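Single-letter residue listing:
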Amino acid sequence: MSALWQTFLAQVLPLAPSWALWPVARQYVAGDSLDAMAAVVGALNAEGARCTVDLLSEDVTDAGQTRAIADQYAAALDRIAHEQLNSHIAIKLSALGLTQDADLCLNNARRLLTHAGRTGAFVRIDMEDATRTEATLSAYERLREEFDNVGVAIQAYLRRSLADVRRVSEGPRAGNFRLCKGIYRESRAIAFQDPEIIRRNYMRLLNEMLDRGAFTAIATHDERLIWEACQCLDARGLGPDRYEFEMLYGVDPPLRRQLLSEGRPLRVYVPFGRDWRAYSLRRLRENPAIAGHIARQFLAGGR
């Protein structure tokens, strides 16, 4: 499917009413409730996969709403603990007040990390667009001084990422990273544009993280990168206490099952929440190739 056709689809799909878009979006979003989230996570756990739950919300500017989002995350942590699900949570700091008040954001994050610590859960800080990279890393560094159960995402297409990895893994704590390619549209001055360069930088960053003793979640659906990562891990003789693979819910389940069948630790990123429409449309705008993937699945599977 051509890039032009993918872009056209990405522009047309947002015009669809929610009832028409949901049958497509539900392949990639667990649902809008704790019940729906728990059901999906339970099924993935039964398959052998770990999970990370993401409550769909970001760019929140109202202080009361940021606290309400923190409350919803706390409820998700309680549900995960009550049902003994194997899942962590992922948070976007912009949903907790990052763009409004840094102290408000940090206080909300501290609340969640404390709550997660009581339930034995881990909190991954998602990376957002490049305008928020520095603020996100600064918040992570402050939280890392206080908590052990926190990690951050690093995007391989950003030119600054190697320096960022070295910066936040200095000192006695090596850090805990999720390494992904990056999905936001950024300028050439900020991000590599060539897919092969992004792949090479991905592996450079992975080696840097492992050299520094950091736990690394290898987040990609690129089978070539997965193969290269496996060679790297096996050559180092690293066990599941040092790494895991991570994939998005609904994206390439056969590859996910293949990795699990090989005994590779794997975590599935499971988004849920009432803001599923905004999340789905944003993904289409950021990456028109997803629209082509959706269209192919729809035509192939009748969904």
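An account of the accompanying structure is given in this report. As the structure is a prediction and not an experimental result, all values here were calculated from the model. (Residues numbered from 1 in each chain as written. Predicted model: local features only at pLDDT ≥ 70, side-chain atom pairs only at ≥ 80, totals over all residues. Heavy atoms only, no water.)

1. What about helix H7 (residues 161–168)?
Now for step 1: Within H7, the full set of buried residues consists of Ser161, Leu162, Asp164, Val165 and Val168. Looking straight down H7, one finds its buried side chains confined to an arc of 160 degrees; they lie on one side.
Now for step 2: Those residues of H7 hidden inside the fold are in contact with helix H6 (133–144), strand E4 (150–155), strand E5 (176–180) and helix H8 (195–211). (Buried < 20%, exposed > 50% of the residue type's maximum accessible area, 1.4 Å probe, protein only. Helix = DSSP H or I, 4+ residues; strand = E, 2+ residues; numbered from the N terminus. Arc of directions from axis to C-beta. Contact = heavy atoms within 4.5 Å.)

2. Things to note about the nonpolar core
Now for step 1: Membership of the largest hydrophobic core comes to 76 residues, with the highest contact counts inside it found for Ile91, Leu96 and Phe245.
Now for step 2: Apart from the residues lying within four places of it in its own chain, the contact partners of leucine 96 are Thr66, Ile69, Ala70, Ile91, Leu104, Cys105, Asn108, Ala109 and Leu112.
Now for step 3: One finds Tyr157, Leu158, Ala191 and Phe192 within the second-largest nonpolar core, a separate group that totals 6 residues. (Core = buried A, V, L, I, M, F, W, Y, C linked by side-chain atoms within 4.5 Å.)

3. Quick look at empty space enclosed by the protein
One simple way to see leftover space: roll a probe sized like a water molecule over the atoms.
Now for step 1: With the rule as written, the count across this model stands at 1 cavity of 30 Å³ or more.
Now for step 2: Of the pockets and cavities examined, the largest cavity occupies roughly 30 Å³.
Now for step 3: What lines the largest cavity is simply Met127, Thr133, Leu137, Ala153, Ile154, Gln155, Leu158, Ser161 and Asp164.
Now for step 4: The biggest single contributor to the lining of the largest cavity is E4, with 3 residues.
Now for step 5: Residues belonging to the lining of the largest cavity are distributed by class as follows: 5 nonpolar, 3 polar and 1 charged. (1 Å grid on protein atoms, 1.4 Å probe; cavity = no way out; pocket = protein on both sides within 12 Å on 5 of 7 lines; lining within 4 Å. Points joined across faces, edges and corners; volume = space filled by probe spheres on them. Nonpolar A, V, L, I, M, F, W, Y, C, P; charged D, E, K, R; others polar.)

4. Looking at unusual backbone geometry
Now for step 1: Even without being a glycine, glutamine 84 presents a positive backbone phi close to 55 degrees.
Now for step 2: Inspection of the secondary structure assignment puts glutamine 84 in the loop between helix H4 (63–82) and strand E2 (87–91).
Now for step 3: Accessibility expressed as a relative area gives 73% for glutamine 84, which makes it exposed.
Now for step 4: Despite not being glycine, aspartate 252 shows a phi value in the positive range, around 50 degrees.

5. Observations regarding the environment of valine 41
Now for step 1: Within the element layout of this structure, valine 41 appears in helix H3 (residues 34–47).
Now for step 2: In this structure, the C-alpha to C-alpha distance between valine 41 and valine 53, residues 12 residues apart in sequence, is 8.3 Å.
Now for step 3: Not counting residues up to four positions away in its chain, the partners in contact with valine 41 are Cys51, Val53, Leu85, Asn86 and Ser87.

6. Looking at the pairing of strand E6 (residues 215–219)
Now for step 1: Within E6, 5 of the 5 residues are buried, which leaves the element mostly enclosed by the surrounding structure.
Now for step 2: Side chains of E6 alternate between two faces, with Phe215, Ala217 and Ala219 and Thr216 and Ile218 buried alike.
Now for step 3: By the bridge criterion, 4 bridges tie E5 to E6 in an arrangement that is parallel. Following the sheet pairing, leucine 179 is matched in E6 by isoleucine 218.
Now for step 4: In this fold, the crossover linking E5 to E6 by way of H8 has right-handed handedness.
Now for step 5: Pairing between E6 and strand E7 (residues 243–248): 4 bridges, direction parallel. (Pairing = 2+ DSSP bridges. Right-handed = clockwise from strand over helix to strand, strands pointing away.)

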